[in-house]
Amino acid sequence: MNVGKGLTRVDGRAKVTGSAKYSAEYALPRLTYAVMITSTRPNGTVAAIDKKAAMAAPGVLAVLTHENAPRVKNKVSPGDRVLPILQDNLVRYDRQPIAVVVADSFERATYAATLVRAKYASAGPARLRFADASETVTPARPGLQAKRGDADAAFAAAPVKVDNRYTIPTEHHNPMEPHATTAAWDGDMLTVYDATQGVSRVQGRLATTFDLPTQNVRVIAKYIGGGFGSKGTPWAHVILAAMAAKVVQRPVKLALTRPQMWSSVGYRPRLEQRVALAADASGALQAQIHEVTMQTAQFDDFIEGSAGQTTMLYTSPTLRTSHVAKRLDVATPTFMRAPGESSGTFALESAMDELAYALRIDPIALRLRNYAETDPETGNPWSSKSLRECYTLGAEKFGWADRPAQPRAMRKGNDLIGMGMATAVYPANRSAASASATMHADGSVLVQSGAVDIGTGSYTIFRQIAADAVGSAYERTVFDLGDSSMPHSPGSGGSTTAASVGSAVKAVGLVLRDELIALAVADAASPLHGRASSAIEAADGRLFVRDQATVGETFAAILARQSVPTLSAAADSAPGPEQKQYAMYSFGAQFAEVRVDADLGTVRLSRMLGVFGAGKILNAKTGRSQFLGGMVWGASMALHEATRYDERNGRIMNANLGEYLVPVNADIPAAIEALWIDEIDPHVNLVGAKGIGEIGITGAAAAIANAVFHATGKRVRDLPISPEKLIG
Ligand code: MOS
């Protein structure tokens, strides 16, 4: 079996040698280069744009503005973002795209862009504070306003309680590969190479926008340098690249600069969360209240469901959650790694820690006291849940028993030392997906699905699943993806790809194997002739009789006797009634140890451990990397990341990786480890995998914040935990 093994990623060599082609690297014939110009006001209108000087600059082919851009349909499908694509002169935020320059070289386009002058009208001060919001949006989306019993009355009556506010600043994803789109028209056929998490979503949006049949648009994304949600939906530059290519009648490449990664490709919204928890003297929760306020754009409705996990993580007879969004002069936020769960677990798991101190109960004991044996919201059983095992193994490996109950009780020299923990949780999502498979005359196998490998290891795990299902040798099995002309796959978001596409790949592999078995048993020339199909097994590119392995023949030998020596199959796989019968989630326990300089307030992470129960881990090597990557991002959220706005003009002041802090190697301890429970889940999907792209970040920031409190006795509820919040 290949599934589960820690095989090295199949695209690793291509990536490190540079042969992996990213969307900005397709050197199409007659390629031209587009550069996006963005607004310098947070609101008002563009009264006029002077493009004369730019048009006269060498090599310039077009300057698109709201005045001359082709009119297109700006229709938005559910989950997609509203896009500023030069259809009107409204300015909704600072750095909104307002023009595009196209030239015959990138340098000429960049130079010409500096010559374009915009005049603005009716611009006022930026509305950046929640108090200045133009509107408060209360979403009707199910689950965002949950209620169980009378939580406020139960809270008021309970003997032990905590009630605090937690804030998280705006955070921008910043994948290593900035967004880029290369678009080419051939008549009314549009081909787009795009840095996207989902080729069919981009295909659909482009088809709608330019009023084309879906099949006229082909979207290709073979390699992606990270997405984390920012590449989950198409953005303005994707449409603008296709629009520009149509105008200049040549292929256009539009690659965002690093600073533009803060302009128009989404972010995690600034959030304020009130979490109020009440318990009886034994620590049994009596009430949970989780109120979320976040920023959103003037022109779009993205809302992060940060109180979602609060409805299902612990038992509590009463509960109330709410979400509201404040319309400000900001770009539209979007999904960012565990959107909802990462911010929500910071607040909830900090509050649980505070409640543990109030009760004088160990933080793990408090969580076990309120352990949910079934889904508290629906009463459904879990498809599988290993959270208890995660706490136990994590506590043992981390040495939790040595932790003094009192804060500020461990010191080495000038360092205050603390240990903290938190629960991790993320839903096990799944969508419909399809795959096709072909066996060639030599017995090699090609399986395809229009999925995207955003760096998580999809190429590798689907090859493992395909080889096991067909019974072909791993080396002679290829999995290909990243093209909208392949069978439909959901976008790589919501940790769905392993479960969704994995199920389709397994299904199609089994169909292909069964077709081959049928050929063999029906063929008088086969040593397997006349055998029962059910008695035949496939492995290493050979069919044989179970318990009698010498009786059999290779795939190639079977196909050689056919008039057409290839075999193909297709399969669709979709979630079914199990979705309503079981609650499906991954869980985990996060542990952190910090050393805080008693004078300077600097926090050094000294150890991190995550233990997860996430179904079948399909590849031990890429799986571990995903868990660790999530945990590192949790450290980033806890200690480093913050997008800073200038409240006067709405401008982001640190739109660069010099001033937008992310952890470097020196910030992450060598002692960071991810472990998992071998969890068998027969209900969740065909491959038993729950998807692990996001759970690693959940709970991680809270574990660190809780460790900082344990070290210092200071509770920081306002991320990031920077030194000035710990001194004085
Ligand atoms: Mo993710 S935030 O579902 O790419």
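Preceding this section is the structure that the text describes.
Throughout what follows, the structure given in this document is the object of discussion. This structure is a prediction, so every number in the text was calculated from the model and none was measured. (Residues numbered from 1 in each chain as written. Predicted model: local features only at pLDDT ≥ 70, side-chain atom pairs only at ≥ 80, totals over all residues. Heavy atoms only, no water.)

Here we look at unusual backbone geometry
We apply this condition: Numbering of helices and strands runs from the N terminus; a helix is a DSSP stretch of H or I covering at least four residues, while a strand is a stretch of E covering at least two. Between buried and exposed lies partly exposed: a residue is buried under 20% and exposed over 50% of the maximum accessible area for its type, with that area taken using a 1.4 Å probe on protein chains only.
In this chain, Leu719 is followed by Pro720 through a cis amide linkage whose omega measures -5°. With respect to the helices, strands and loops of the structure, Pro720 is situated in the segment after α15 (700-712). In this model, Ser122 sits at a positive phi of 50°, which is unusual for a non-glycine residue. Tracing the backbone shows Ser122 in the loop between β5 (117-121) and β6 (136-137). With phi around 55°, Asp211 is a residue other than glycine that occupies positive phi space. Structurally, the position occupied by Asp211 is in the loop between α5 (199-209) and β11 (217-220). For Asp211, a relative accessible area of 57% puts it in the exposed group.

Some words on the pattern of salt bridges
The line we're drawing: By definition, a salt bridge exists where a carboxyl oxygen of Asp or Glu is found within 4 Å of a side-chain nitrogen of Lys or Arg.
Inspection of the entire model under this criterion finds 43 salt bridges. The salt bridge involving Arg92 is made with Asp88; its shortest N-O contact spans 2.9 Å. For Asp88, a relative accessible area of 32% puts it in the partly exposed group. The salt bridge involving Asp480 is made with Lys222; its shortest N-O contact spans 3.0 Å. One end of the pair, Asp480, is in strand β20 (residues 477-480); the other, Lys222, is in the loop between β11 and α6 (236-248), and 258 residues separate them in sequence. A network of salt bridges, in which partner residues are shared, links Asp152, Asp163, Arg274, Glu291 and Arg320.

Comments concerning the side chain of Arg274
Applied cut-off: Between N or O atoms, a polar contact is any pair within 3.5 Å; within protein, one atom must be a potential hydrogen donor and the other a potential acceptor, and residues adjacent in sequence are included only when both atoms are from side chains. Residue contacts are defined here by distance: any two heavy atoms, one from each residue, within 4.5 Å place the two residues in contact.
Counting through the fold element by element, Arg274 comes out in strand β13 (residues 271-279). A polar atom in the side chain of Arg274 sits 2.9 Å from the side chain of Asp163. If we skip the residues at most four places from it in the chain, Arg274 touches Asp163, Asn164, Arg165, Ile289, His290, Glu291 and Arg320.

Quick notes on the pairing of strand β18 (residues 433-439)
As a general feature of sheets, a regular strand has side chains that alternate between the two faces. For clarity, the cut-off: Between any two strands, pairing holds if DSSP finds at least two bridges.
The buried fraction of β18 amounts to 6 of the 7 residues, a majority that puts the element mostly inside the structure. Relative to strand β24 (residues 567-573), β18 runs antiparallel, the two sharing 7 bridges. Counted as the bridge partner of Ala437 is Ala569 from β24. Relative to strand β19 (residues 445-448), β18 runs antiparallel, the two being bridged by 4 bridges. Paired with Ala437 across the two strands is Val447, which belongs to β19.

What to know about the sheet that holds β24
The condition is simple: Comment: axis = line fitted to C-alpha atoms, over the contacting stretch for helices; angle = value between 0 and 180 degrees taken between N-to-C directions.
Read from one edge of the open sheet, 4 strands run β20-β19-β18-β24, paired in mixed fashion. The sheet is open, and its two borders are formed by β20 and β24, each paired with just one other strand. Across this sheet, the average inter-strand angle for adjacent strands is 15°, counted without regard to direction. Contacts from helix α10 (residues 458-470) reach β18, β19 and β20, with the element oriented near 135° to β20. Lying over the sheet, helix α11 (residues 497-522) contacts β18, β19, β20 and β24, oriented at roughly 145° with respect to β24.

Considerations on the nonpolar core
This is how the line gets drawn: The definition of a nonpolar core used throughout is a set of buried Ala, Val, Leu, Ile, Met, Phe, Trp, Tyr and Cys residues joined through side-chain atoms within 4.5 Å.
Counting 93 residues, the largest nonpolar core has Leu277, Leu355, Phe591, Val594, Ile704 and Ile721 as the members making the most contacts within it. Residue contacts for Ile704: discarding those within four places in its chain leaves Ala592, Val594, Leu605, Met608, Gly634, Ala635, Ala638 and Leu639. With 59 residues, the next largest nonpolar core counts Val102, Val217, Trp235 and Ala236 among its residues.

Structural notes on the packing of aromatic side chains
To keep it simple, the criterion reads: Here is the rule: rings of Phe, Tyr and Trp (six-membered ring for Trp) pair when centre to centre is within 6.5 Å. Planes less than 30 degrees apart are stacked, more than 60 are edge-to-face, and the remainder are tilted. A ring is scored as having a charge over it whenever the NZ atom of a lysine or the CZ atom of an arginine sits within 6 Å of its centre and within 35 degrees of its normal.
Within the structure shown, the criterion is met by 18 aromatic pairs. Measuring from ring centre to ring centre gives 3.9 Å for Tyr26 and Tyr193, while their planes differ by 20°; the resulting arrangement is stacked. One end of the pair, Tyr26, is in the loop between α1 (12-17) and β1 (32-38); the other, Tyr193, is in strand β10 (residues 189-194), and 167 residues separate them in sequence. Taking relative accessible area as the criterion, Tyr26 reaches 13% and is therefore assigned buried. With a relative accessible area of 15%, Tyr193 lands in the buried category. Considering the side-chain rings of Trp185 and Phe210, the 5.5 Å spacing of their centres and the 80° angle between planes classify their relative orientation as edge-to-face. Taken together, the residues Trp185 in strand β9 (residues 180-186) and Phe210 in the loop between α5 and β11 connect sequence positions 25 residues apart. Side by side, Trp185 and Phe210 carry an identical accessibility label, which is buried. By the ring-pair criterion, three or more aromatic residues cluster together here, those being Tyr22, Tyr223 and Tyr459. Sitting over the ring of Tyr474, Arg463 keeps its end group 4.3 Å from the ring centre.

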